[in-house]
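# Observations on the model geometry
As a plain string of letters, each chain reads:
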Amino acid sequence: MNVIFLGPPGAGKGTQAQLLQQREGIPQISTGDILRAAMAAQTPLGRRAKAYVDRGDLVPDDVMIEIVKERIGQPDARRGFVLDGFPRTLGQARALDEVLTSAGRRIDVVVYFDIPDDVIVRRLTGRRVCRAAAHIYHIEFSPPRAAGRCDVDGSELFQRDDDQEETVRRRLVVYHQQTEPLVEFYRRRGVFEVLRDGDIEAVYRQLLEIIKTRAGQG
Ligand code: AP5
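Cut-offs used in this document
- Residues numbered from 1 in each chain as written.
- Predicted model: local features only at pLDDT ≥ 70, side-chain atom pairs only at ≥ 80, totals over all residues.
- Heavy atoms only, no water.
- Pairing = 2+ DSSP bridges.
- Helix = DSSP H or I, 4+ residues; strand = E, 2+ residues; numbered from the N terminus.
- Axes fitted to C-alpha atoms, helices over the stretch in contact; angles between N-to-C directions.
- Core = buried A, V, L, I, M, F, W, Y, C linked by side-chain atoms within 4.5 Å.
- Buried < 20%, exposed > 50% of the residue type's maximum accessible area, 1.4 Å probe, protein only.
- Contact = heavy atoms within 4.5 Å.
- Phe/Tyr/Trp six-rings, centres within 6.5 Å; stacked < 30°, edge-to-face > 60°.
- Lys NZ or Arg CZ within 6 Å of the ring centre and 35° of its normal.
- Arc of directions from axis to C-beta.
- Near = heavy atom within 4 Å.
- Polar contact = N/O pair within 3.5 Å; in protein donor to acceptor, adjacent residues only side chain to side chain.
- Areas by Shrake-Rupley, 256 points an atom, 1.4 Å probe, with all protein chains shown as cover.
- Salt bridge = Lys/Arg side-chain N within 4 Å of Asp/Glu carboxyl O.
- 1 Å grid on protein atoms, 1.4 Å probe; cavity = no way out; pocket = protein on both sides within 12 Å on 5 of 7 lines; lining within 4 Å.
- Points joined across faces, edges and corners; volume = space filled by probe spheres on them.
- Nonpolar A, V, L, I, M, F, W, Y, C, P; charged D, E, K, R; others polar.

### Section: the sheet that holds strand E1 (residues 2-6)
Ordered in space as E2-E3-E1-E4-E8, the five strands form an open sheet in which the pairing is parallel. Each edge of the sheet is formed by a strand with only one pairing partner; in this case those strands are strand E2 (28-30) and strand E8 (192-195). Strand-to-strand twist of the sheet, defined as the mean angle between neighbouring strand axes without regard to direction, takes the value 25 degrees. Sheet topology note: the E2/strand E3 (residues 81-84) ladder contains three bridges and is parallel. Each bridged residue has a counterpart across the sheet, and for glutamine 28 the counterpart in E3 is valine 82.

Written out as C-alpha cells, the structure reads:
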C-alpha cells in the first residue's frame, strides 16, 4: 500500500504512522523527521532547511521533491510506504505523481486528518518527542510511563522548537494557504478518505479498516 497522510501540523499523522510501522510493518516516511535529522547533523541540507523550519515556513519544493524521490526508491519502501508530511504543496503533489508514474506505481489512498485549529494548538504545545528516534508523546493525552523518558528506548523527551505557540500559529497559516488545496486535488481522484477524530487507538482502528478495505480493492 502506498499511503499519503494529509492534514494540519499536529493532527496525529506521525503518531498513526509510527503505529502502522510498528504493528503492520509499513515504513513511515516523515519529511519532518528527515529534515530534523539533517539539521541535528548540520549537513548542507540541514543548514539550508533550518531557517525555514524555525520560522514555520515550508522548505522549497525542489529540495523536498529530491528527498522523497530518493527515499521512496529505497528497498524497504518498494513494497509500500506511508508519506507523513509530504506532499504539502500542489507542486509537490504533481511531482510525486510523476515520480510514481514513471516507476509504474500509484497512490492507493490519501487519509485526511480533519482537525480544528484550537485542538491543534493544544496538541502541539503539549507534545514531547524522544531524542533517539522521535517517538511521540503528549503531556496530557499520551504521557510516557516515566516522566521525561521514552517508553520505547529510554531516551530523553524534549519539546520541538517549532512547537512554541507563535510558531504553531504560523505553521497553521502556512497549512491553510499552501497545503489545504490538496484536499480538493485528492478528493476528485477517488482515493480520498476522511478520519473521524477520537483517541489515538480509536483513530488507529479506523485507519486500519480503511487500509485493509483499500488493499482488498487493489
Ligand atoms: P513536520 O515534522 O512534518 O510537522 P507537521 O506536519 O507540522 O506535523 P507534526 O509532526 O507537527 O504533527 P503530526 O500530525 O505528525 O502530529 P503528531 O502525531 O506528532 O514538519 C516540520 C517542518 O518541516 C515544517 O514546518 C516545514 O518547515 C518542514 N517540512 C516538512 N515536510 C515538508 C514538506 N513536504 N515541504 C516543505 N517543508 C516541509 O501529534 C501531535 C500531538 O498530539 C502529540 O503530542 C500526540 O501525542 C498528540 N496526539 C496525536 N493523536 C492524538 C489524538 N487522537 N488525540 C489526542 N492527542 C493526540
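There is more to say, and it comes next.
### Let's talk about the nonpolar core
In this structure, Leu6, Ile72, Phe81, Leu83, Leu96, Val110 and Tyr186 are the most contacted members of the largest nonpolar core, which totals 33 residues. Those elements that place two or more of their residues in this core are E1, helix H2 (31-40), helix H3 (44-55), helix H4 (61-72), E3, helix H5 (90-102), strand E4 (109-113) and helix H8 (181-187). Of the residues forming this core, the biggest block, six residues, is contributed by H4. Apart from residues lying up to four places away in sequence, leucine 96 is in contact with Ile4, Ile72, Leu83, Phe86, Pro87, Ile107 and Tyr186.

### Things to note about the packing of aromatic side chains
For the structure shown, the criterion picks out three aromatic pairs. Ring geometry for tyrosine 112 and phenylalanine 192: centres 5.6 Å apart, planes at 35 degrees, overall tilted. Taken as a pair, tyrosine 112 in strand E4 and phenylalanine 192 in strand E8 lie far apart in primary sequence, 80 residues in all. Against the face of tyrosine 204 rests arginine 23, its NZ or CZ located 4.7 Å from the ring centre. Here the basic side chain of arginine 131 rests over the ring of phenylalanine 158, its NZ or CZ set 4.1 Å away from the ring centre.

### Some thoughts on helix H6 (residues 117-125)
For H6, the full list of buried residues reads Ile120, Val121, Arg123 and Leu124. On an axial view of H6, the arc spanned by its buried residues comes to 170 degrees, and they lie on one face. The secondary structure elements touched by the buried residues of H6 are strand E5 (127-130), strand E6 (136-138) and helix H7 (165-179).

### Remarks on the side chain of threonine 179
Looking at the element boundaries, threonine 179 is found in helix H7. Looking at threonine 179, the relative accessible area reads 4%, which means it is buried. Apart from residues no more than four positions distant in its own chain, threonine 179 is found in contact with Leu6, Pro87, Arg88 and Val174.

### A look at the site of the ligand
Surveying the vicinity of the ligand reveals 36 residues, the closest of which are Thr15, Asp57, Arg88, Arg127 and Arg171. Between a nitrogen atom of the ligand and a main-chain N or O atom of valine 59, the distance comes to 3.0 Å. Here a nitrogen atom of the ligand sits 2.9 Å away from a polar atom, N or O, in the side chain of glutamine 92. About the coverage of the ligand: the protein hides 96% of its 1,000 Å² of free accessible area.

### Focus on the pattern of salt bridges
Enumeration according to the criterion identifies 19 salt bridges in this entry. Notably, a salt bridge pairs arginine 189 with aspartate 97, separated by 2.6 Å at the nearest N-O pair. In this pair, arginine 189 is assigned in the loop between H8 and E8 and aspartate 97 in helix H5, connecting sequence segments 92 residues apart. Here arginine 189 falls in the partly exposed class, since its relative accessible area comes to 39%. Between arginine 106 and aspartate 108 there is a salt bridge whose closest N-O contact spans 3.2 Å. Judged by relative accessible area, which is 52%, arginine 106 ranks as exposed. Looking at aspartate 108, the relative accessible area reads 16%, which means it is buried. Taken together, the shared-partner salt bridges in this structure form one network comprising Arg127, Arg160, Asp162, Asp163 and Arg171.

### Some details on empty space enclosed by the protein
Counted by the stated rule, this structure contains one cavity of 30 Å³ or more. In this model, the largest cavity occupies a volume close to 30 Å³. If you trace the largest cavity, you find it lined by Ile65, Val68, Lys69, Phe86, Ala95, Leu96 and Val99. Counting residues per element, the ones that place at least two in the lining of the largest cavity are H4 and H5. A per-class count over the lining of the largest cavity returns six nonpolar, no polar and one charged.

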